[in-house]
Amino acid sequence: MKKEQETDFLDHDEQQDEIIWVSKSEIKRDAEALKKFGAKLVALTPANLEKIPLDEKLADAIALAQRSQRGALRRQLQYIGKLLRNTEVEPLQEALDKLENKHNQQQAVFHRLEQLRDRLLESGNNDTLSQLIAQYPELDIQHLRNLIRGVQKERAEQKPPKFYREIFQYLKTLEIGE
């Protein structure tokens, strides 16, 4: 009998070793992180929110938070954080990262196109134009040259930059294919 109690005691010690103790502060930090993640989800547009795999209860809570203001919004964010504690967050985080990365990639493309437009207008534009022709065989050279002349004329007459914007839009259609 005494041996059985001893082995039970040893088993209990082994179980104690497997339990990971989490401090109260760490629990609070985790809850706050989930609340901030919930706030990111609330800030998304409905179109982007559809791309994230949310369960029905969480989607309804986010929709309500998007309509709420001040104190109600704060309470709703608390509730969303509570729902997220019982939800698998990794797939949601991955979907959100994809959305944010797509936005960042699009911004990088736009900055590159703006720089390309500026190089076209600054230089004698033959070198940049030949690079563009090599990169985009479907480029309408005559149209692009007309736009460049329009920008030069606008600048000389100090008119609003209509053609300047049109060059960007034309390069964007070449790049993205809109």
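Everything numeric in this text was worked out from a predicted model, so none of it was measured.

Participant: Help me understand the overall build of the protein chain in this model?
Facilitator: From N to C terminus, the protein chain includes nine helices and zero strands. What you see in the protein chain, going N to C, is helices and strands ordered as α-α-α-α-α-α-α-α-α. As displayed, the protein chain has an accessible area near 13100 Å², and 50% of this comes from carbon and sulfur atoms.

Participant: Whenever I open this one, the pattern of salt bridges confuses me. Can you help?
Facilitator: For side chains of opposite charge, pairing can occur when their charged atoms come near one another. Using the criterion set out here, one finds three salt bridges in the structure. Note that aspartate 118 and arginine 117 form a salt bridge whose closest N and O atoms lie 3.9 Å from each other. Note on arginine 117: relative accessible area 8%, which makes it buried. In this structure, lysine 159 engages glutamate 157 in a salt bridge whose closest nitrogen and oxygen atoms are separated by 3.2 Å. Among the residues examined, lysine 159 registers a relative accessible area of 51% and is labelled exposed.

Participant: How do you make sense of unusual backbone geometry when you look at a structure like this?
Facilitator: Glycine aside, residues mostly have negative phi angles, and peptide bonds mostly take the trans form. Of note in this structure, arginine 70 is not a glycine but carries a positive phi near 45°. Topologically, arginine 70 is positioned in helix 5 (residues 70-85). One non-glycine residue, glutamine 158, lies in the positive phi region at around 55°. Its location among the elements puts glutamine 158 in the loop between helix 8 (141-157) and helix 9 (162-176). The class for glutamine 158 is exposed, based on a relative accessible area of 74%.

Participant: Quick question: what am I supposed to make of the UniProt feature "coiled-coil region" (unreviewed entry) in the protein chain here?
Facilitator: If you check UniProt for "coiled-coil region" (unreviewed entry), the listed places come out as residues 89-116 in our numbering. Secondary structure over residues 89-116 splits into 96% helix and 0% strand, and the C-alpha atoms at its two ends are 40 Å apart.

Rules used in this analysis
- Residues numbered from 1 in each chain as written.
- Predicted model: local features only at pLDDT ≥ 70, side-chain atom pairs only at ≥ 80, totals over all residues.
- Heavy atoms only, no water.
- Helix = DSSP H or I, 4+ residues; strand = E, 2+ residues; numbered from the N terminus.
- Areas by Shrake-Rupley, 256 points an atom, 1.4 Å probe, with all protein chains shown as cover.
- Salt bridge = Lys/Arg side-chain N within 4 Å of Asp/Glu carboxyl O.
- Buried < 20%, exposed > 50% of the residue type's maximum accessible area, 1.4 Å probe, protein only.
- UniProt positions renumbered as here; feature names shortened; annotations may be inferred.

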